[in-house]
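# A closer look at the structure
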Amino acid sequence: MTQIEKTALARLDREGRLLNAVLKGPTGKPGRFGFRGDIALKFQAQLADEKRPPDFSIEQVLTYANEGEATIQILAGYLHNFAYLETAHEVIGDLLSPTGAYFMFCNNIDLLAKFRVKLGEITYNVLPCDESTVWKEMMDLAMVDKNDIKKLDTGGKLDVLLDTALKFNDAYEVIAYQQGVERMEPVKNRNENRPV
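To keep things clear, this report deals only with the structure shown in the data block. (Residues numbered from 1 in each chain as written. Predicted model: local features only at pLDDT ≥ 70, side-chain atom pairs only at ≥ 80, totals over all residues. Heavy atoms only, no water.)

## Notes on the packing of aromatic side chains
The line we're drawing: For this analysis, a ring pair means two rings from Phe, Tyr or Trp (six-membered ring only for Trp) whose centres lie within 6.5 Å, classed as stacked if their planes differ by under 30 degrees, edge-to-face if by over 60, and tilted for the remaining angles. Strands are runs of DSSP state E lasting at least two residues, helices are runs of H or I lasting at least four, and both sets are numbered from the N terminus onward. When a residue's accessible area, from a 1.4 Å probe over protein chains only, is under 20% of the maximum for its type it is buried; when over 50% it is exposed; and in between it is partly exposed. Consider the ring centre and the ring normal. A charge sits over the ring if Lys NZ or Arg CZ is within 6 Å of that centre and within 35 degrees of that normal.
Under the definition given, this model contains six aromatic pairs. Where phenylalanine 82 meets phenylalanine 115, the ring centres are 5.8 Å apart and the plane angle is 70°; that geometry is what we call edge-to-face. One end of the pair, phenylalanine 82, is in the loop between strand S4 (72-79) and helix H2 (85-92); the other, phenylalanine 115, is in strand S6 (residues 115-119), with 33 residues separating them in the sequence. Each member of the pair, phenylalanine 82 together with phenylalanine 115, is buried. Their ring planes at 25° and their centres at 5.6 Å tell us that phenylalanine 82 and tyrosine 177 sit as a pair that is stacked. Taken together, the residues span a long stretch of sequence, with phenylalanine 82 in the loop between S4 and H2 and tyrosine 177 in helix H6 (residues 177-183) at a distance of 95 residues. When its relative accessible area of 10% is taken as the criterion, tyrosine 177 is described as buried. Pairwise contacts between aromatic rings join Phe82, Phe115 and Tyr177 into one cluster. Of note, arginine 32 hangs over the ring of tyrosine 64, and the distance from its end group to the ring centre comes to 3.6 Å. Sitting over the face of the ring of tryptophan 135, arginine 36 holds its NZ or CZ atom 4.2 Å from the ring centroid.

Here is the structure:
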């Protein structure tokens with residue numbers, strides 16, 4: 001059984017950042033540990049022993065890490081605000097690889113915008129996400145048919161989707177983080193237009 005302590009996800013786990021897990025365990029592939037959930041980026045101040053939700057996180061994260069490897073090769077997630085990308089990079093950047101594939105879906109960028117942002121040695125593909133999920137967007141992006149994986153368990157589905165997405169290579173325009181901040185739109189209230 002692959003243990004998280006032997007993977008690049010270990011530090012995030014020790015820091016209590018891996019939250020709301022749909023999957024946090026070995027996948028179908030030997031030596032691989034999968035995670036589907038949220039990665040807390042900024043914690044609220046805690047009083048005494050109360051547990052508070054983080055100020056903000058990378059939500060709906062899809063990733064896996066291989067035992068004995070220092071870096072995570074692929075990660076996809078949702079940022080409620082593009083400006084959080086800088087904080088995300090501060091938290092997870094040292095666990096990523098210059099040759100990896102990283103996808104951040106953002107609430108407040110133009111729905112037609114697709115671009116790449118390089119922070120340090122790491123390049124992030126930044127894409128819009130409106131009233132959809134990272135899972136669905138990644139399935140579309142990687143062109144994986146849900147009927148082809150429906151018989152697999154959660155870990156098996158994650159393996160197929162992310163292994164396929166690793167081959168993704170769309171040469172989006174590379175822009176500076178600051179340009180992205182200048183272009184971003186107001187953050188949409190996710191509870192707007194929802195029935196009470």
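## Focus on the pairing of strand S2 (residues 32-42)
Filter applied, for reference: Pairing between strands is defined by DSSP: at least two bridges between the two strands are required.
Within S2, 10 of the 11 residues are buried, which leaves the element mostly enclosed by the surrounding structure. Relative to S2, strand S1 (residues 18-26) runs antiparallel, the two being bridged by six bridges. Following the sheet pairing, lysine 24 is matched in S2 by phenylalanine 35. Counting the residues between successive antiparallel strands, the hairpin from S1 to S2 contains five residues, one of them, glycine 31, with a positive phi of roughly 75°. Here S2 runs beside strand S3 (residues 56-66); their pairing, made up of nine bridges, is antiparallel. Within S3, the residue paired with isoleucine 39 across the bridge is isoleucine 58.

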